[in-house]
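This is what each chain is made of:
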Amino acid sequence: MTPKQDLILIVDDHEENLLLLDRILVNQGYLVMKTMHGEKVEPLAERYLPQLILLDIQLPVMDGYEVCRRLKANPQTACIPVIFISALDSEEDRVKGFEAGGVDYISKPIQIAETLARVHTHVTLRQLQEQLGSTNRELVDRISDLTLSQIKLHDREGKLQAIVSALPHLTFIHDAEGHYLEILGDKVDLLAMRRTDMLGRRLQDVLPPQTGALIMEAIQAVLMTGESKVIEYQLPVVSGRELWFEGRIALLDRDQPAGGRVVFVASEITERVELYQKVNALATQDPLTDCFNRRHFLHLAEKEIQRAIRYDRSLSLLILDIDHFKQVNDLYGHPTGDLVLRSMVTEIQHNLREVDILGRYGGEEFIVLLPETGMNGVRDVAERLRQSIQNLVVDTRQGSVAVTVSIGAACLRALERQRMNLEAFIDEADRALYLAKEHGRNCVRDNHPTSIALPVVPKEILRLPRDKRTA
């Protein structure tokens, strides 16, 4: 195995935990540094700048929350991701960890596969963020160099042509109607068509309509104000690929208030855009199932609730919990359990609309937001999902695996007006899910007033894992 040479700092006041984490991370090729003292974390982080910190909460002298807050307040260590590892597993503890600046939370006792997956995700995210920063800095430097060169030019038009021809860009001269007056540069494979077929024609007749309109609007704004503009756009090129470009448009000369010529420098930025998209996916998607992660789902749900209340629209919510999922992991192993989760998410997505929002709420629990859907509609959707998952058979190396789900449904309009918020909405679906578990699992329950009355479930019961709430 090729060493990753990524340094990870482990902080725990129990030596056996340090040794366990050290062993599993070193076996994966990571470099490891350990300490049992919270007050030593910030100096070590400043000096060695680890890629990731695994931080216990219950530490002597200074607890993990305070350690994390100090790291985030220090400009030298603020960007280092912190994953809390703790036996404290209540929702309140997790929220407190995220508020302190943590990016993730792993419960003790440590599950090796889960820990390695989360470590890999956040180390990869850190690397991508560093690459994105480096790419942006390089781009800024190149643009700065180009701007400085333009300021020093005495004969703007003649010398500009010599400079841009030597740069790894394409440069165009356009008039007020968008005609291609000149095309400078050697990167002809980045053109929309052959150079000779473009010269003299309007960009609106050469480029896709949406792209042509975007560039034309920017050109007119530059001619009107004299101020440079920067735009980004996607374009199919002669090689057959569809690439991303950054266009910098500056005034070349002006012969009337809205007339004249502009210089348009096009830089290919596909790698930067794809890198940004990868970073964004890691920040919003669950790494195992590719549906939205909990944090991003809650962000989208908050917006949908506000929209539904403002325009008096229907909105419904489902919470799905796999029945006895722990038995799948115990009998077949976690890789098989992961395959079941991915297969179930695919099955759910096949039964949802494009406007519906699916997220992984935690473990084997998933949550679905259904815009423009009332109580009758959410019952139909929930029952369709329940039957579809019941009929799903996942083929694995250990044999065929089938699971069922219990589903709690809630309709926003069934809530009292003063309780129409995200917390109460999820609580209603959660209580309905609890009732579905109480009625033998593999069924659907909802929060409609005419349905069987929902029990008042103590908060401490709702915080328990789903498979431990009932006997």
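Up top is the structure these notes are about.
Participant: Quick question: what am I supposed to make of the sheet that holds strand 17 (residues 444–446) here?
Facilitator: Backbone hydrogen bonds hold the strands of a sheet together, and the pairing may be parallel or antiparallel. One open sheet holds the 5 strands; their spatial order is 12-13-11-16-17, and the pairing between them is mixed. A strand with exactly one partner marks an edge of an open sheet, and here the two such strands are strand 12 (357–362) and strand 17. Geometrically, the sheet is characterised by an average inter-axis angle of 20 degrees between neighbouring strands, direction not taken into account. Pairing between strand 12 and strand 13 (residues 365–371): 5 bridges, direction antiparallel. Bridge pairing in strand 13 links Gly362 to Glu365.

Participant: Got a minute to help me understand the packing of aromatic side chains in this structure?
Facilitator: Two aromatic rings, taken as a pair, are described by how far apart their centres are and by the angle between their planes. As enumerated under the stated definition, the model contains 6 aromatic pairs in all. Taken together, Phe172, Tyr180, Tyr233, Phe245 and Phe264 form an aromatic cluster joined through their ring pairs. Sitting above the plane of the Tyr361 ring, Arg294 keeps its charged end 4.1 Å from the centroid. Between the NZ or CZ atom of Arg295 and the centre of the ring of Phe98, over which it lies, the distance is 5.0 Å.

Participant: Explain the sheet that holds strand 8 (residues 229–236) to me, please; I cannot follow it from the model alone.
Facilitator: Ordered by their spatial adjacency, 5 strands build an open sheet running 7-6-10-9-8, and the pairing between neighbours is antiparallel. Two strands lie at the open edges of the sheet, namely strand 7 (180–184) and strand 8, each paired on one side alone. For this sheet, the mean angle separating the axes of adjacent strands, direction not counted, is 25 degrees. As paired strands, strand 8 and strand 9 (residues 242–256) are joined by 8 bridges and run antiparallel to one another. Bridging across to strand 9, Tyr233 finds its partner in Phe245. Packed on one face of the sheet, helix 9 (residues 209–225) meets strand 6 (170–175), strand 8, strand 9 and strand 10 (259–268) and runs near 160 degrees to strand 8.

Participant: Hey, could you run me through the pattern of salt bridges in this one?
Facilitator: Opposite charge on two side chains permits pairing when their charged atoms draw close. Within this structure, the stated rule accounts for 26 salt bridges. As a salt-bridge pair, Glu304 and Arg307 come within 3.3 Å of each other at their nearest N and O atoms. Taken together, the positions of Glu304 and Arg307, both in helix 11 (residues 294–311) and 3 residues apart, correspond to about one turn of that helix. Judged by its relative accessible area of 27%, Arg307 falls in the partly exposed class. The closest approach of N and O atoms between Asp323 and Lys437, which form a salt bridge, is 3.1 Å. Of this pair, Asp323 sits in the loop between strand 11 (315–322) and helix 12 (325–332) while Lys437 is found in helix 15 (residues 422–438), placing the two residues 114 residues apart along the sequence. The exposure class of Lys437 is buried, given its relative accessible area of 8%. Each of the salt bridges in this network shares a partner with another, and the network as a whole consists of Glu304, Arg307, Arg313 and Glu372.

Participant: Help me understand unusual backbone geometry, please; the structure alone is not making it clear to me.
Facilitator: Outside of glycine, negative phi angles account for most residues, and trans bonds account for most peptide bonds. Following Lys108, the chain continues to Pro109 via a peptide bond in cis, the omega torsion being 0 degrees. As for its position among the elements, Pro109 is in the loop between strand 5 (104–107) and helix 5 (112–152). Even without being a glycine, Asp290 presents a positive backbone phi close to 70 degrees. Mapped onto the fold, Asp290 is located in the loop between helix 10 (270–284) and helix 11. Despite not being glycine, Asn442 has its phi angle at roughly 50 degrees, a positive value. Mapped onto the secondary structure, Asn442 falls in the loop between helix 15 and strand 17. Since its relative accessible area comes to 22%, Asn442 is described here as partly exposed.

Participant: How do you make sense of the packing of helix 11 against helix 15 when you look at a structure like this?
Facilitator: Packed helices, taken two at a time, are described by their axes: the angle between them and the distance between them. Between helix 11 and helix 15, the least distance of the axes is 10 Å, while the angle of their chain directions is 105 degrees. The angle between helix 11 and helix 15 falls in the class roughly perpendicular. Between helix 11 and helix 15, the contacting residues are Leu298, Ala301, Glu302 and Ile305 on the first element and Leu422, Phe425 and Ile426 on the second. For the contact of helix 11 with helix 15, the residue count by class is 6 nonpolar, no polar and 1 charged.

Participant: Could you clarify how one ought to interpret the side chain of Asn293 in this entry?
Facilitator: Looking at the secondary structure, you find Asn293 in the loop between helix 10 and helix 11. Residue class for Asn293 comes out buried when judged on its relative accessible area of 16%. Polar side-chain contacts of Asn293 include one of 2.8 Å to the backbone nitrogen of His296. Aside from chain neighbours lying at most four places away, what touches Asn293 is Leu282, Ala283, Thr284, Gln285, Asp286 and Arg360.

Participant: Before we go on, may I ask you to explain the packing of helix 12 against helix 13 (residues 334–350) in this structure?
Facilitator: Put simply, helix 12 and helix 13 touch, their axes get as near as 7 Å, and they point 135 degrees apart. In terms of orientation, helix 12 lies oblique with respect to helix 13. Contacts between helix 12 and helix 13 pair Phe325, Val328, Asn329 and Tyr332 from the former with His334, Thr336, Gly337, Val340 and Leu341 from the latter. Along the lines of polarity and charge, the residues of the contact of helix 12 with helix 13 split into 5 nonpolar, 4 polar and no charged.

Participant: What exactly am I supposed to notice about the pairing of strand 13 here?
Facilitator: Remark: a regular strand shows side chains that alternate across the two faces of the sheet. Among the 7 residues in strand 13, 7 count as buried, and that is most of the element. Both faces of strand 13 are covered, namely the face carrying Glu365, Ile367, Leu369 and Pro371 and the face carrying Phe366, Val368 and Leu370. The antiparallel pairing of strand 12 with strand 13 creates a hairpin that spans 2 residues between the two strands, and Gly363 there sits at a positive phi of about 60 degrees.

The rules behind the values
- Residues numbered from 1 in each chain as written.
- Predicted model: local features only at pLDDT ≥ 70, side-chain atom pairs only at ≥ 80, totals over all residues.
- Heavy atoms only, no water.
- Pairing = 2+ DSSP bridges.
- Helix = DSSP H or I, 4+ residues; strand = E, 2+ residues; numbered from the N terminus.
- Axes fitted to C-alpha atoms, helices over the stretch in contact; angles between N-to-C directions.
- Phe/Tyr/Trp six-rings, centres within 6.5 Å; stacked < 30°, edge-to-face > 60°.
- Lys NZ or Arg CZ within 6 Å of the ring centre and 35° of its normal.
- Contact = heavy atoms within 4.5 Å.
- Salt bridge = Lys/Arg side-chain N within 4 Å of Asp/Glu carboxyl O.
- Buried < 20%, exposed > 50% of the residue type's maximum accessible area, 1.4 Å probe, protein only.
- Parallel < 35°, antiparallel > 145°, perpendicular 65-115°, else oblique.
- Nonpolar A, V, L, I, M, F, W, Y, C, P; charged D, E, K, R; others polar.
- Polar contact = N/O pair within 3.5 Å; in protein donor to acceptor, adjacent residues only side chain to side chain.

Take it as geometry only, folks, not as evidence of what the structure does.
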